[in-house]
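Notes for the structure review
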Amino acid sequence: MSFKFEKLIVWQKSVDLAADVHELTKTFPKDELFILSAQIKRAADSISLNIAEGPTGQSNAEFNKFLGYALRSNVEVVGCLYLAQKRNLIVPDTFSKIYGQCEEILVMINGLRNSLK
């Protein structure tokens with residue numbers, strides 16, 4: 001691994017989350033393609049992308065800022081999960097799995113942010 005972010009478990013887990021969200025959206029109806037499917041995929045991708053961008057040649061304060069973006073994107077995924085649930089696009093087990101991944105990432109991002117202080 002040649003990039004600092006690749007060693008971060010939170011980054012690895014966020015990449016897994018993005019892959020799971022991508023698979024989930026394949027089950028959504030076509031009329032959600034440019035609505036909820038696109039939104040939840042962008043939010044999930046944004047988590048790992050902001051974690052990756054943050055530590056690359058940046059100060060701790062700058063990294064903390066990018067972790068804040070990642071955190072907000074993580075919360076956005078949760079919001080999208082609830083919308084999918086209300087629209088009957090997601091089964092309870094899948095909701096629980098992805099929600100749990102988001103909870104774990106939330107805790108890890110907050111822990112990483114606290115370590116930068």
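Structure's up top.
Residues numbered from 1 in each chain as written. Predicted model: local features only at pLDDT ≥ 70, side-chain atom pairs only at ≥ 80, totals over all residues. Heavy atoms only, no water.

With that settled, consider the overall build of the protein. Looking only at helices and strands, the protein has four helices and zero strands in total. Shown N-terminal to C-terminal, the secondary structure of the protein runs as helices and strands in the order α-α-α-α. On C-alpha atoms alone, the protein measures out to a radius of gyration of 15 Å, which is about the 13 Å that the 2.2 N^0.38 rule sets for 117 residues. Here the C-alpha coordinates of the protein stretch approximately 45 × 25 × 20 Å along the principal axes. Across the 117 residues of the protein, 42% fall into the buried class. In the protein, once contacts between residues fewer than 6 apart in sequence are set aside, the share between residues at least 24 apart is 72%. Carbon together with sulfur atoms contributes 57% to the accessible area of the protein, which is approximately 6800 Å² in total. Computed over 14 positive and 13 negative side-chain charges, the separation of the two mean positions in the protein equals 4 Å. (Helix = DSSP H or I, 4+ residues; strand = E, 2+ residues; numbered from the N terminus. Rg over C-alpha atoms; globule rule 2.2 N^0.38 Å. Buried < 20%, exposed > 50% of the residue type's maximum accessible area, 1.4 Å probe, protein only. Contact = heavy atoms within 4.5 Å. Areas by Shrake-Rupley, 256 points an atom, 1.4 Å probe, with all protein chains shown as cover. Lys, Arg positive; Asp, Glu negative; His and termini not counted. Charge placed at Lys NZ, Arg CZ, Asp CG, Glu CD.)

Turning our eyes to something else, we now look at unusual backbone geometry. Backbone geometry at Asn88 places phi at a positive 60 degrees, although glycine is not the residue there. Residue placement: Asn88 occurs in the loop between α3 (60–86) and α4 (92–115).

Counting 33 residues, the largest nonpolar core has Ile47, Ile51, Val77, Ile98 and Ile109 as the members making the most contacts within it. For this core, the elements supplying multiple residues, two or more each, are α1 (9–25), α2 (33–53), α3 and α4. Looking at this core element by element, the count peaks at nine residues for α3. Beyond its immediate chain neighbours, meaning those up to four positions away, Ile47 contacts Ser14, Leu17, Ala70, Ser73, Asn74, Val77, Ile105 and Ile109. (Core = buried A, V, L, I, M, F, W, Y, C linked by side-chain atoms within 4.5 Å.)

As a further point, take α1. Across its 17 residues, α1 extends 24 Å between first and last C-alpha, which sits within 8% of the 24 Å expected from 1.5 Å per residue. Looking only at α1, the buried set comprises Val10, Trp11, Ser14, Leu17, Ala18, Val21, Leu24 and Thr25. For α1, the angular spread of buried residues about the axis comes to 130 degrees, placing them on one side. In this fold, the buried residues of α1 make contact with α2, α3 and α4. (Expected span 1.5 Å × (residues − 1). Arc of directions from axis to C-beta.)

Now for the pattern of salt bridges. Counted under the stated rule, the structure contains five salt bridges. Across the pair Lys65 and Glu62 runs a salt bridge whose closest N-O atoms are separated by 3.1 Å. Here Lys65 and its partner Glu62 are both found in helix α3, three residues apart, which amounts to about one turn of the helix. (Salt bridge = Lys/Arg side-chain N within 4 Å of Asp/Glu carboxyl O.)

From the geometry alone we can't say anything about function, so treat these as descriptive.
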